[in-house]
Amino acid sequence: GQQVMQIPQYQHVQEGEDFTTYCNSSTTLSNIQWYKQRPGGHPVFLIQLVKSGEVKKQKRLTFQFGEAKKNSSLHITATQTTDVGTYFCAGDNTDKLIFGTGTRLQVFP
Amino acid sequence: DVKVTQSSRYLVKRTGEKVFLECVQDMDHENMFWYRQDPGLGLRLIYFSYDVKMKEKGDIPEGYSVSREKKERFSLILESASTNQTSMYLCASSLAEGPWGGNTIYFGEGSWLTVV
C-alpha cells in the first residue's frame, strides 16, 4: 500500500544549529500537511502545502513541496529549545491521509 | 477554537475487559478519526467516520470497533482488550467535502491505555 516515509527518525542538535526532516511518498500527493507534537502532547497542525514546488515560511520554519508532489521537507533555522518535539508529515492522496513515522527532535542548550 | 475532548487521559484495564474510549468534538465536523500512536510506528489509523452511523476501516482495525450515533461523538471500543493494545489513542476531527477534503485534522489530548 501507499507509504509515507520520514527521515531521520531522531535528531539531536545543539541549540542554534539547523535541522531538516524529509518526507517521501510512494505515490503522488494532492497536498501535504505538517504537524508538531510536543512531548506529552498531541499533534498540532502547522501548515499545508498544495502546489508543486511550493515553499512556505513560518518564522524560522521553511516548508517545501517537491516538484513531483511526492516529497516534502521541513527546515528549522537556528533551533531553539522550544522546537523540541516530534514533527509529522501527512500525505493526502485524496483517498486518505497517511502520516509519516515522524522525526523526533531534541535540542540541547 | 476547535475542541476535541477525549473522556479519559489515562486508563489501566485487564486483559479481556471491554474498553470504551469516548471522543467529542464541538465544531460540527463531519469527519472523525481514531489513531493509535506507538514509538517508531507513528500514527496509524484504526477507523474513521465521515457521517453519523457511517464508519470505514483504517489500516489497523482488527480488535477494534467504533460507534457514531451522533455527529459530535465518536467512540472506540476494544471488545476484549489485549496487552498488544497498550498504546496512546488519539481521536481527531476535520471538516470535509466528501471523505477527504484536504482539511486540517484537529487532535484530542490523547488517551494512554495500559492493558495488564
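Residues numbered from 1 in each chain as written. Chains lettered and ligands numbered in written order. Predicted model: local features only at pLDDT ≥ 70, side-chain atom pairs only at ≥ 80, totals over all residues. Heavy atoms only, no water.

Asks: Where do I start with the pattern of salt bridges in this structure?
Replies: Once their charged atoms are close, side chains differing in charge can pair, the charge on each being opposite to the other. If you walk through the whole model with that rule in mind, you get seven salt bridges over all chains. Among the ionic pairs, Asp83(A) bridges to Arg60(A), the shortest N-O distance being 2.9 Å. With Asp83(A) in the loop between strand E8 (71-76) and strand E9 (85-92) and Arg60(A) in the loop between strand E6 (55-58) and strand E7 (61-65), the pair connects residues that are 23 residues apart, well separated along the chain. Using a relative accessible area of 5% as the deciding quantity, one classes Asp83(A) as buried. Note that Lys53(B) is salt-bridged to Glu69(B), the shortest N-O span being 2.5 Å. Here Lys53(B), found in the loop between strand E6 (42-49) and strand E7 (56-57), pairs with Glu69(B), found in strand E8 (residues 64-70); they are 16 residues apart in sequence, far enough to count as distant. Each of the two residues, Lys53(B) as well as Glu69(B), counts as exposed. Within the structure, one salt-bridge network assembled from shared partners comprises Arg36(B), Asp38(B) and Arg44(B). (Salt bridge = Lys/Arg side-chain N within 4 Å of Asp/Glu carboxyl O. Helix = DSSP H or I, 4+ residues; strand = E, 2+ residues; numbered from the N terminus. Buried < 20%, exposed > 50% of the residue type's maximum accessible area, 1.4 Å probe, protein only.)

Asks: In this structure, what is going on with the state of the cysteines? I would like to understand it.
Replies: Covalent bonding between the sulfur atoms of two cysteines defines a disulfide. Residue and element names in this part refer to chain A. Tallying each qualifying case throughout the model produces two disulfides over all chains. Between the sulfur of Cys 23 and that of Cys 89 lies a disulfide, 1.9 Å long from S to S. Handedness of the Cys 23-Cys 89 disulfide follows from its S-S torsion of about 75 degrees: it is right-handed. On the criterion of sequence distance, the pair formed by Cys 23 in strand E3 (residues 19-25) and Cys 89 in strand E9 is long-range, its members being 66 residues apart. (Disulfide = S-S within 2.5 Å.)

Asks: Can you help me understand the pairing of strand E12 (residues 111-115) of chain B in this one?
Replies: The side chains of a regular strand alternate between the sheet's two faces. Residues and elements named next belong to chain B. Here E12 shows one buried face, formed by Ser 111, Leu 113 and Val 115, and one open face, formed by Trp 112 and Thr 114. Strand direction decides the pairing type here: strand E2 (residues 10-13) and E12, joined by four bridges, are parallel. Residue pairing in the sheet places Leu 11 in a bridge with Leu 113 of E12. (Pairing = 2+ DSSP bridges.)

Asks: What am I meant to see in the confidence of the model for chain A here?
Replies: Looking at chain A, pLDDT values average 93 and 96% of them are 70 or higher. No element of chain A has a lower mean pLDDT than strand E10 (residues 97-99) of chain A, which averages 86, and none a higher one than E8(A), which averages 98. (pLDDT = per-residue confidence, 0-100.)

Asks: Help me understand the environment of Gly66(A) in this model?
Replies: Residues and elements named next belong to chain A. As for its position among the elements, Gly 66 is in the loop between E7 and E8. Accessibility expressed as a relative area gives 12% for Gly 66, which makes it buried. It is 13 Å that separates the C-alpha atoms of Gly 66 and Cys 89, two residues lying 23 residues apart in sequence. Setting aside residues no more than four positions away along its own chain, Gly 66 makes contact with Ser 52, Gly 53 and Asn 71. (Contact = heavy atoms within 4.5 Å.)

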